[in-house]
Amino acid sequence: MVFDIIEHLQIRPELKESILEFRKQYPVEPQFQSRIPVPSNIYYGTDIWERAVTALLCGKNILLVGHKATGKNIFAENLAAAFARPRWDVSFHVNMDAASLIGMDTFKKQEVIFRPGPICCAAQHGGFAVLDEINMAKNEALAVLHGTLDFRRSIDVPGYERIDLHPATRFIATMNYGYAGTKELNEALVSRFVVIRMPMISQEHLILLLQDHYPTLKTEGAKELAAVYLDLQKKCENAQISSRAMDLRGLLDGVALMEKGLNVQDALDMGITNKTFDPYEQTLIQDTIRGRISKKMKPEDLFEEKCGSRRKEFA
Ligand SMILES: Nc1ncnc2c1ncn2[C@@H]1O[C@H](COP(=O)(O)OP(=O)(O)O)[C@@H](O)[C@H]1O
Ligand SMILES: [Mg+2]
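Nothing here was measured: the structure is a model prediction, and the numbers come from that model. (Residues numbered from 1 in each chain as written. Chains lettered and ligands numbered in written order. Predicted model: local features only at pLDDT ≥ 70, side-chain atom pairs only at ≥ 80, totals over all residues. Heavy atoms only, no water.)

A. Spatial organisation of helix α2 (residues 46-57). Taking 1.5 Å per residue as the helical rise, α2 with its twelve residues ought to reach 16 Å, and the 16 Å between its terminal C-alpha atoms agrees with that figure. For α2, the full list of buried residues reads Ile-48, Trp-49, Glu-50, Ala-52, Val-53, Ala-55 and Leu-56. Tucked into the core, α2 has its buried residues touching α1 (13-25), β1 (62-66), α3 (72-82), β5 (128-132), β8 (170-176) and β9 (194-197). Two residues or fewer after α2 comes Gly-59, characterised by a positive phi angle close to 85°. (Helix = DSSP H or I, 4+ residues; strand = E, 2+ residues; numbered from the N terminus. Expected span 1.5 Å × (residues − 1). Buried < 20%, exposed > 50% of the residue type's maximum accessible area, 1.4 Å probe, protein only. Contact = heavy atoms within 4.5 Å.)

B. Representation of unusual backbone geometry. In the Ramachandran plot, Lys-109 falls in the positive-phi region, its phi being about 45° despite a non-glycine side chain. Within the secondary structure, Lys-109 sits in the loop between β3 (103-108) and β4 (111-116). Using a relative accessible area of 77% as the deciding quantity, one classes Lys-109 as exposed. A positive phi angle is found at Gln-110, which is not glycine, with a value near 60°.

C. Representation of the pattern of salt bridges in the model. For the structure on display, the rule yields eleven salt bridges. One salt bridge in this structure joins Arg-152 and Asp-150, with 2.7 Å as the shortest N-O distance. With a relative accessible area of 13%, Asp-150 lands in the buried category. Residues Arg-292 and Asp-231 are paired through a salt bridge, measuring 2.7 Å at the closest nitrogen-oxygen approach. With a gap of 61 residues between them, Arg-292 in helix α13 (residues 279-292) and Asp-231 in helix α10 (residues 219-237) connect regions that are remote in the sequence. A relative accessible area of 38% places Arg-292 in the partly exposed class. We classify Asp-231 as buried; its relative accessible area is 17%. Linked by salt bridges that have partners in common, Arg-12, Glu-14 and Glu-50 make up one network. (Salt bridge = Lys/Arg side-chain N within 4 Å of Asp/Glu carboxyl O.)

D. Fine view of the domain arrangement of the protein. You can read the domains of the protein as domain 1 (5-197) and domain 2 (203-302). The C-alpha centroid of domain 2 is placed 32 Å from the C-alpha centroid of domain 1. The interface is formed by six residues belonging to domain 1 together with 14 residues belonging to domain 2. Roughly 890 Å² of surface becomes buried between domain 1 and domain 2 when both sides are summed, with 59% attributable to carbon and sulfur atoms. The tally of links from domain 1 across to domain 2 stands at zero salt bridges. Run the count over domain 1 and domain 2 and you get two residue pairs in polar contact (both at pLDDT 80 or more). Tallied by class, the residues present in the side of domain 1 that touches domain 2 amount to three nonpolar, two polar and one charged. (Domains from an automatic or database assignment. Buried area = accessible area lost by both parts, 1.4 Å probe. Polar contact = N/O pair within 3.5 Å; in protein donor to acceptor, adjacent residues only side chain to side chain. Nonpolar A, V, L, I, M, F, W, Y, C, P; charged D, E, K, R; others polar.)

E. Spotlight on the environment of Phe-22. Summarising the element assignment, Phe-22 is placed in helix α1. In this structure Phe-22 comes out as buried when scored by relative accessible area, which is 6%. Once the C-alpha coordinates of Phe-22 and Ala-84 are considered, the two residues, 62 residues apart in sequence, prove to be 9.0 Å apart. Those residues in contact with Phe-22 that sit more than four places away from it in its chain are Leu-57, Phe-83, Arg-85, Ala-168 and Arg-170.

F. View of the pairing of β8. With six of seven residues buried, β8 is to be regarded as a mostly interior element. In the sheet, β1 pairs with β8 via five bridges, with the strands oriented parallel. Note on β8: the bridge partner recorded for Leu-63 is Ala-173. With four bridges joining them, β5 and β8 adopt parallel strand pairing. Paired with Leu-131 across the two strands is Ala-173, which belongs to β8. (Pairing = 2+ DSSP bridges.)

G. Broad picture of the environment of Ala-137. Positionally, Ala-137 belongs in the loop between β5 and α6 (139-142). Judged by relative accessible area, which is 1%, Ala-137 ranks as buried. As for Ala-137 and Gln-282, which are separated by 145 residues in sequence, their C-alpha atoms are 32 Å apart. Leave out the neighbours within four places in its chain, and Ala-137 touches Phe-92, His-93, Leu-142 and Lys-183.

H. Representation of the site of ligand 1 in the model. Taken together, 17 residues form the shell around ligand 1, and within it Tyr-44, Ala-69, Lys-72, Asn-73 and Arg-249 come nearest. Lys-72 is positioned with one of its side-chain polar atoms (N or O) 2.8 Å from an oxygen atom of ligand 1. Here an oxygen atom of ligand 1 and a backbone polar atom of Ile-74 are 2.9 Å apart. Out of a free accessible area of 570 Å², ligand 1 has 93% covered by protein chains. Those elements that place two or more of their residues in the shell around ligand 1 are α3 and α11 (248-259). (Near = heavy atom within 4 Å. Areas by Shrake-Rupley, 256 points an atom, 1.4 Å probe, with all protein chains shown as cover.)

The following block contains the structure:
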């Protein structure tokens, strides 16, 4: 049986039904089947799921706004998987221009052909286009998307015909909203999305997430590690430390090191503390970690023994 994320969603049954209908109505061409993501973990948060699914079913494009590591990318991937849509990812940066979004002319066997960009591909084949960190692009570059994102649902490709969007095409944009100095998205663009604020992960969900990634991690251990992360989060909200230390990926990386037997505090320093380069901030982060994790804690205290498995291999 292939893993189907829809079976694991805890959302209203009517919404699940509608997603399944959507899938039936818009089957995916065989050559794009491999673009339908198979997520490695599920996004936790029923409210957010219901909001996003409802918006997508209504034909809206969504903008996910939140701090770093609120699961924006994993959620976008999960949504494409739930709706069984091929996904095209676009990572935005300041040098992004219209051609890299829509496509450009290139030579093939001495002939000029149009090589479609990710937006064109998603538009033609009913894909979900993930516009990652959309606020990093220059607003001028994004102007070409206005007609694509609003009721016109079409793309003007210079020198070619206009492309109308496939009815299943949706755009999911993400935007980091930091504690300081985040670039704003202009009003014209924001008005073309419905906006979902992504909350910080809760302690309960963080424990589940840690154990999803590391099934041998004991619940007690997961609780302690989650508590460290939440302490850092609080310090960050109070502007005592910067958002550099609020690094969920770093926490997960640290746990991987512990699982391999590295000292717990060292592993957390490598995953989290050392990502800031300000000595004062480093001390604050280290104190936070050491407030929860004692020096005596050994990596083997945190994990269940992988009993049997190894012995069986050699039996
Ligand atoms: N609510 C959540 N449910 C599941 N995973 C989450 C959640 N919030 C954060 N994560 C985890 O945080 C990490 C970073 O997620 P990512 O999607 O890259 O965040 P963002 O794009 O918001 O910076 C991933 O490992 C992801 O699984
Ligand atoms: Mg991201």
